[in-house]
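Geometric and topological summary
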Amino acid sequence: MTNARLPPLNALRAFEAVARHRSFRKAADELFVTPAAVTHQIKALEEQLGVELFRRLPRGVELTPAANAALPLFQRGFDLLTRGVSELRDYGRAPHLTVKTTPTFASRWIMPRLHRFLAAYDGIDVRVLASGNLIRPTERPGADDAPESEPDLEIRFSNGRPDSEHADLLFTVDIVPMCHPRLTRQGAHPLKTAADLRYHALLHGDTHIEDRSRSGWAQWLRHAGVTDVDPRRGLQFDHSTLALDAATDGLGVTLATPLFASDELGRGDLVVAIPLAIRLDRAYYAVTASASASRPEVVAFRKWLLEEAALDAKNAQGATEKKKRPRGKLRP
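Here the structure is a predicted model, which is why all the values come from computation and not from measurement. All residue numbers refer to positions counted from 1 along the written sequence of the respective chain. Local features are withheld for residues below a pLDDT of 70 in this predicted model, meaning they are given only at 70 or higher, and side-chain atom pairs are given and counted only at 80 or more; totals for whole chains, interfaces and linings count all residues. Note that the side-chain values use all heavy atoms of the structure and ignore hydrogens as well as water.

With that out of the way, let us pick up the overall build of the chain. Secondary structure counts use DSSP, requiring at least four H or I residues in a row for a helix and at least two E residues in a row for a strand, with both numbered from the N terminus. Looking only at helices and strands, the chain features nine helices and eleven strands. For the accessible areas, the method is Shrake-Rupley and the probe is 1.4 Å, while residue cover comes only from the protein chains on display. Of the roughly 19300 Å² of accessible surface on the chain, 53% is carried by carbon and sulfur atoms.

Sheet analysis places strand E3 (residues 96–101) next to strand E4 (residues 125–130), joined by six bridges and oriented parallel. Bridge pairing in E4 links Lys 100 to Leu 129. We call a crossover right-handed when, viewed with both strands directed away from the observer, the connection leading from the first strand over the helix to the second proceeds clockwise. Handedness of the crossover is the feature at issue here: the chain leaves E3, passes through helix H5 (residues 103–120), returns alongside E4, and the resulting connection is right-handed. Between any two strands, at least two bridges found by DSSP are needed for them to pair.

Turning our eyes to something else, we now look at the packing of aromatic side chains. Centres within 6.5 Å are what make two rings of Phe, Tyr or Trp a pair, Trp counting through its six-membered ring; a difference in plane orientation under 30 degrees is then read as stacked, over 60 as edge-to-face, and the rest as tilted. Going through the model one piece at a time under the given rule, you end up with 18 aromatic pairs. An angle of 85° between the planes, with centres 6.1 Å apart, marks the rings of Phe 105 and Phe 260 as edge-to-face. Of this pair, Phe 105 sits in helix H5 while Phe 260 is found in the loop between strand E9 (253–256) and helix H8 (262–267), placing the two residues 155 residues apart along the sequence. By the burial criterion, Phe 105 is buried, and Phe 260 matches it. Taking the ring centre of Phe 78 as reference, the NZ or CZ of Arg 13 above it sits at 4.0 Å. Think of it in three bands: residues with accessible area under 20% of the maximum for their type are buried, residues over 50% are exposed, and the middle band is partly exposed, with areas taken using a 1.4 Å probe on protein chains only. Counted as over-ring charges are cases with an Arg CZ or a Lys NZ within 6 Å of the ring centre that also lie within 35 degrees of the ring normal.

For H5, spanning 18 residues, the distance from its first C-alpha to its last is 24 Å, which sits close to the expected 26 Å at 1.5 Å a residue. In this analysis the local bend is the angle between axes fitted, respectively, to the seven residues ending at and the seven residues starting at the residue. Approximately 50° is the largest bend angle found in H5, and it occurs at Ile 110, with the proline Pro 112 only one to four residues beyond. Expected helix span is computed as 1.5 Å times (number of residues minus one).

Here we come to the packing of helix H1 (residues 9–21) against helix H2 (residues 24–31). Where H1 contacts H2, the axes come no closer than 8 Å and their chain directions differ by 130°. It follows from the interaxial angle that H1 and H2 lie oblique. Note on packing geometry: the crossing formed by H1 with H2 is right-handed. Counted together, Arg 13, Ala 14, Ala 17, Val 18, Arg 20 and His 21 of H1 and Phe 24, Lys 26, Ala 27, Glu 30 and Leu 31 of H2 form the full contact between these two elements. The residue inventory of the contact of H1 with H2, partitioned by class, reads six nonpolar, one polar and four charged. Every axis in this analysis is a line fitted to C-alpha atoms, fitted for helices over the stretch in contact. Angles between the N-to-C directions lie between 0 and 180 degrees. Between 65 and 115 degrees an angle is taken as roughly perpendicular, under 35 as roughly parallel, over 145 as roughly antiparallel, and anywhere else as oblique. Should the near helix be turned anticlockwise from the far one by less than a right angle, the crossing is left-handed, and should it be turned clockwise, the crossing is right-handed. Whether two residues are in contact is decided by their heavy atoms: any pair within 4.5 Å suffices. In this classification, Asp, Glu, Lys and Arg are treated as charged, Ala, Val, Leu, Ile, Met, Phe, Trp, Tyr, Cys and Pro as nonpolar, and every other residue, Gly included, as polar.

Where H5 contacts helix H7 (residues 240–248), the two axes come as close as 8 Å, and the packing angle between them is 60°. Taken together, the axes of H5 and H7 lie oblique to each other. Facing Thr 104, Ser 107 and Arg 108 of H5, the residues of H7 in contact are Ser 240, Thr 241, Leu 244 and Asp 245. Here the contact of H5 with H7 is built from residues that sort into one nonpolar, four polar and two charged.

This part takes up the confidence of the model for the chain. As a per-residue measure, pLDDT tells how confident the predictor is, with possible values from 0 to 100. Here the chain averages 84 in pLDDT, and 84% of its residues register 70 or above. The least confident element of the chain is helix H4 (residues 65–90), whose mean pLDDT is 81; the most confident is strand E10 (residues 271–272), at 96. This stretch, residues 136–148, has a pLDDT under 50; its non-local contacts, to residues over four places away or in other chains, come to 18 contacts.

The phi torsion at Arg 22 lies on the positive side, around 55°, for a residue other than glycine. Structurally, Arg 22 is set in the loop between H1 and H2. By relative accessible area, Arg 22 is classed as partly exposed at 30%. Notably, Phe 32 is not glycine yet its phi reads approximately 60°, a positive angle. For Phe 32, a relative accessible area of 76% gives the class exposed.

Moving on, we get to the environment of Pro 177. Within the element layout of this structure, Pro 177 appears in strand E6 (residues 167–179). A relative accessible area of 0% means that Pro 177 is categorised as buried. Taking C-alpha positions, Pro 177 is 8.6 Å from Val 271, a pair spaced 94 residues apart along the chain. In this structure, Pro 177 is in contact with Trp 217, Trp 220, Val 253, Thr 254, Leu 255, Val 271, Val 272, Ala 273, Ile 274 and Leu 276, ignoring residues within four places of it in sequence.

The term salt bridge refers to a pairing of a side-chain nitrogen on Lys or Arg with a carboxyl oxygen on Asp or Glu at a separation within 4 Å. This model, assessed by the stated rule, comprises 20 salt bridges. Between Arg 20 and Glu 30 there is a salt bridge, with its nearest N and O atoms 2.9 Å apart. Of the two residues, Arg 20 sits in helix H1 while Glu 30 sits in helix H2, which places them ten residues apart along the sequence. Here Glu 308 makes a salt bridge to Arg 113, at a shortest N to O gap of 3.7 Å. Placement of the pair is Glu 308 in helix H9 (residues 296–324) and Arg 113 in helix H5, with a sequence separation of 195 residues. The class of Arg 113 is buried, set by a relative accessible area of 10%. A single salt-bridge network, built from bridges that share partners, covers Arg 13, Glu 16, Arg 20 and Glu 30.

Below, the structure written as structure tokens:
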């Protein structure tokens, strides 16, 4: 390990802020100093390190190859510092953990079950963060995205097992068309077959897909053999939960997994319009941060997640077998 003297922390923080914002002014605003002060810190840092960090452009700045290579390390370093300060501040408090997932998974799966975890593990505080970014876990944050503290556990909707030694498959996702029951029996064109979708609005909850030929509706219509319904038309929402709400209000037909719509299906606010399901190429994975994997409260939550997912799979299998079981003849 080198014994070289580290540059001042303020200079390193200035470098990280300028590199993230690609702007001396924005970095100064964030650090509550003047742009001149940031410029001075960067110049002193470049002189101490003997390497150029930025190239000044007419608008903003450009990172040199050296700065671009070092930036992720600095961001992880400051994140660890933030976590260390948080651990010192929270020392002696009740065990706690932070879970980050998509808004749909948080509201439709975790929250209805969380009371069971809290009852089984009394005294553990749970913080649930919802973020649509977990739909695309391989995408790197943009230049204007501020680094945030790493959660103890993430639940990602991913098209492949995340690159982590602590990644667990929770479940795959099958989707079917759902709508308010009146759409299947009222109006000039009741929804009876896949071809009837041409008369109804399609509700989209996967706006993260830029290429609509890859959307859930595009996949489902191809599977159903329907070629005269445009999968791009209809109403689009930020999250699939909003599409489910719109379907409950009778605004159209959405694609959803019955697991996330169990309450509405049970109340009769939604029905499966056409009993044809397809399996998405994405699945839900629980990814535990390496730094948190051994903490007892995190171990307990990970165990609980896997048990709940296994219970759902068992219940789904039982429901399928019940549907397939032939009815016996009534005795006279």
